[in-house]
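These are the residues of each chain, in order.
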Amino acid sequence: MSSKSGILADRAIGALFGSGRLFSQAMLDADQIQPASLDLRLGAKAIRVRASFMPGRAHTVAEKLSRLTLHEIDLTQGAVLETGCVYIVPLMESLDLPADISASANPKSSTGRLDIFTRVMVDYAQEFDKVPAGYRGPLYLEISPRTFPIIVRRGSRLSQIRFRTGHAVLAEAELMDLHKAETLVASEMPNVSGGGIALSIDLKGSGSDGLIGYRGKHHTSVIDVDRKAAHDVLDFWEPLYSRGRDELILDPDEFYILVSNEAVHVPPLYAAEMTPYDPLVGEFRVHYAGFFDPGFGHVEAGGAGSKAVLEVRSHEVPFILEHGQVIGRLVYEHMQERPEGLYGSGLGSNYQAQGLKLSKHFRPA
């Protein structure tokens, strides 16, 4: 493996399988390796537990499950996971990482846009979604549907994992230089601080009707996470429109799909991640699904003008968002090498050149 710091690209991820550092219970799906990440697949069972938990440095996940399990659910033919419940699913992939490679995980974009809260766990972990360098063992996914009940099955892909060596995050001076050269966000005065570049919210709306976003409905039917364009938008979402004030009051415990004011660009030699929550910008959480692959918004990959779709939840109190308000930051990291495939470049990417867009599960209005 290269000693160069950076995110492993698709070629290197494939090499991890070839060298026995990555294992799977079945052949990989043709599109499972992405430009800078690997999609993770659900195993054959889901375990409903009393509550979310952390293994801690003294326990494996299996040891904790032995006293927290309520019942097991067979996923081989598909099963419904209910809102408000917590499930642990052993994943089909497992790891035997070299001492110089660590990993981090995040929900896939479609997972976040359905308000499915997911976190990867490993044995002896003290943090979710973090895999220490040299880890050897199984991977587990905690799943908690928040707004819609869902149907999943063995092989469903709700989360993704990135592998890295060393410290790959760009310092603020590097980030500003890259923005000047490549225009990372379409802003005349980029806000670079806290190790990232700011994104703001678009509440002026698009189209003749001034659509600004969607709010998730309650008590809906189920969504099959593996079926594209299978559901009617209005059965699950309430459209939200601009009323001339360019603001939106977030109600506590409601789920919103909104969009950034700026287009985002991730050049081929970089990967980006949205910070999930920044207490400095308000009492709300933005963007469960934080990975932006190399090529997102890149002109050569057909992505000019790609905006960031934002999954937003207020916390304990109502919160007023105003047009142009900073809602999160993008952190950029170096890739070890240019990926063989870029996001949107013949990879069946669902959200290249996007504006305000729901997940792939809904039929276009």
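Residues numbered from 1 in each chain as written. Predicted model: local features only at pLDDT ≥ 70, side-chain atom pairs only at ≥ 80, totals over all residues. Heavy atoms only, no water.

(A) Here's a closer look at the sheet that holds strand S6 (residues 79–81). Strands sit in the order S6-S12-S17 across an open sheet of three strands; the sheet is mixed. Each having just a single partner strand, S6 and strand S17 (223–224) make up the two edges of the open sheet. Sheet analysis places strand S12 (residues 150–152) next to S17, joined by two bridges and oriented parallel. Bridged to Ile150 within S17 is Ile223. (Pairing = 2+ DSSP bridges. Helix = DSSP H or I, 4+ residues; strand = E, 2+ residues; numbered from the N terminus.)

(B) Local environment of the pattern of salt bridges. This structure, assessed with the given rule, holds 22 salt bridges. Among the ionic pairs, Glu72 bridges to Lys45, the shortest N-O distance being 3.6 Å. In this pair, Glu72 sits in strand S5 (residues 69–74) while Lys45 sits in strand S4 (residues 45–49), placing the two residues 27 residues apart along the sequence. Ionic contacts of the salt-bridge type, sharing partners, join the residues Asp29, Asp31, Asp39, Arg41, Glu93, Lys108 and Arg157 into one network. (Salt bridge = Lys/Arg side-chain N within 4 Å of Asp/Glu carboxyl O.)

(C) Molecular detail of helix H1 (residues 10–18). Regarding H1, the residues found buried are Asp10, Ala12, Ile13, Leu16 and Phe17. Around the axis of H1, the buried residues are gathered within 165° of arc, so they sit on the same side. Just beyond H1, the residue with positive phi is Gly20, at close to 80°. (Buried < 20%, exposed > 50% of the residue type's maximum accessible area, 1.4 Å probe, protein only. Arc of directions from axis to C-beta.)

(D) Inspection of the packing of aromatic side chains at higher detail. Summed over the entire model, instances satisfying the criterion amount to seven aromatic pairs. Between Tyr214 and Trp237, the aromatic rings sit 6.4 Å apart at their centres with planes inclined by 70°, giving edge-to-face as the arrangement. With Tyr214 in strand S16 (residues 211–216) and Trp237 in strand S18 (residues 237–241), the pair connects residues that are 23 residues apart, well separated along the chain. Both rings, one in Trp237 and one in Phe255, keep their centres 6.0 Å apart while their planes meet at 40°; by these two values the pair is tilted. Placement of Trp237 in strand S18 and of Phe255 in strand S20 (residues 255–263) is noted, with a sequence separation of 18 residues between them. Ring pairing ties together the aromatic residues Phe148, Tyr214, Phe236, Trp237, Phe255 and Phe362, which thus form one cluster. (Phe/Tyr/Trp six-rings, centres within 6.5 Å; stacked < 30°, edge-to-face > 60°.)

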